[in-house]
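Here are the chains, one letter per residue:
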Amino acid sequence: MKSGLATLILALLTALPAQAASCSWSARMEEDEGGSVMMASVCGGSKGDAHLMLACFGKPVLSYDLGAAGGQLEPGISGSFTFKAGDKSLTKKLELEAMYNYFTTELSGPAEPLLSLLRGKGEVTVSADKYGAATFPLKGSGAAIGKVLAECGKGSGGEAD
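Computed from a predicted model, the values in this text were never measured in an experiment.

### Points about the sheet that holds strand E9 (residues 132–137)
For step 1, the next point in the chain: Reading across the sheet, the nine strands line up as E1-E2-E3-E4-E7-E6-E5-E8-E9 and stay open at both edges, with antiparallel pairing between neighbours. Among the strands making up the open sheet, the edge pair consists of strand E1 (26–32) and E9. Sheet twist, expressed as the average angle between the axes of neighbouring strands with direction ignored, equals 30°.
For step 2, the next point in the chain: Bridge count between strand E5 (residues 78–85) and strand E8 (residues 123–128): three bridges; the pairing is antiparallel.

Here's what the structure looks like:
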């Protein structure tokens, strides 16, 4: 999974600037060393340079790019990040993918509580004491996440936004 994730992240680095202008969820096929992979992503944060990305490598993998607020992070670190949408919140440990300066976590599958939270309405704020907070819109998230989960062979499609 590590090499596939690294290749996918490299592909995203070239694709994200075009998506940054809209800061809404989208899903599209991205090239990976093993072939094409469906990727859902959204930009956010005060400058629109932070990103949440979801792909499937057997199980869904969520990546969080802190954007300029992250600076250059120390390899081998992890952090506890709180995801809050409306009156719901949960905390998840994310590991740094040092080569690309993104935090990632493998999710349990389509029923993962974090995926349910991300398919909500309004916006989600991702925060950690050490790294501050970034807010992302949730409009279109249900459909985009549903496309990724469908590619995992376990998805049930997006929910209406």
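### Things to note about the confidence of the model for the protein
Should pLDDT be low for a region, the predicted coordinates there are not to be read in detail.
For step 1, the next point in the chain: Considering every residue of the protein, the mean pLDDT works out to 83; 80% of them sit at 70 or more.
For step 2, the next point in the chain: Confidence over residues 3–21 falls short of pLDDT 50; this stretch has 42 contacts with residues more than four positions distant or in other chains.
For step 3, the next point in the chain: The low-confidence segment residues 154–161, where pLDDT is below 50, has 24 contacts with residues more than four positions distant or belonging to other chains.

### Concerning the pattern of salt bridges
For step 1, the next point in the chain: Tallying each qualifying case throughout the model produces three salt bridges.
For step 2, the next point in the chain: With its nearest N and O atoms 3.1 Å apart, the salt bridge here joins Lys92 to Glu112. With a gap of 20 residues between them, Lys92 in strand E6 (residues 88–97) and Glu112 in the loop between strand E7 (102–106) and helix H2 (113–118) connect regions that are remote in the sequence.
For step 3, the next point in the chain: By relative accessible area, Lys92 is classed as buried at 19%.
For step 4, the next point in the chain: Here Lys93 and Glu95 are joined by a salt bridge, their closest N and O atoms 3.8 Å apart.

Here is what the cut-offs are and how they apply
- Residues numbered from 1 in each chain as written.
- Predicted model: local features only at pLDDT ≥ 70, side-chain atom pairs only at ≥ 80, totals over all residues.
- Heavy atoms only, no water.
- Pairing = 2+ DSSP bridges.
- Helix = DSSP H or I, 4+ residues; strand = E, 2+ residues; numbered from the N terminus.
- Axes fitted to C-alpha atoms, helices over the stretch in contact; angles between N-to-C directions.
- pLDDT = per-residue confidence, 0-100.
- Contact = heavy atoms within 4.5 Å.
- Salt bridge = Lys/Arg side-chain N within 4 Å of Asp/Glu carboxyl O.
- Buried < 20%, exposed > 50% of the residue type's maximum accessible area, 1.4 Å probe, protein only.

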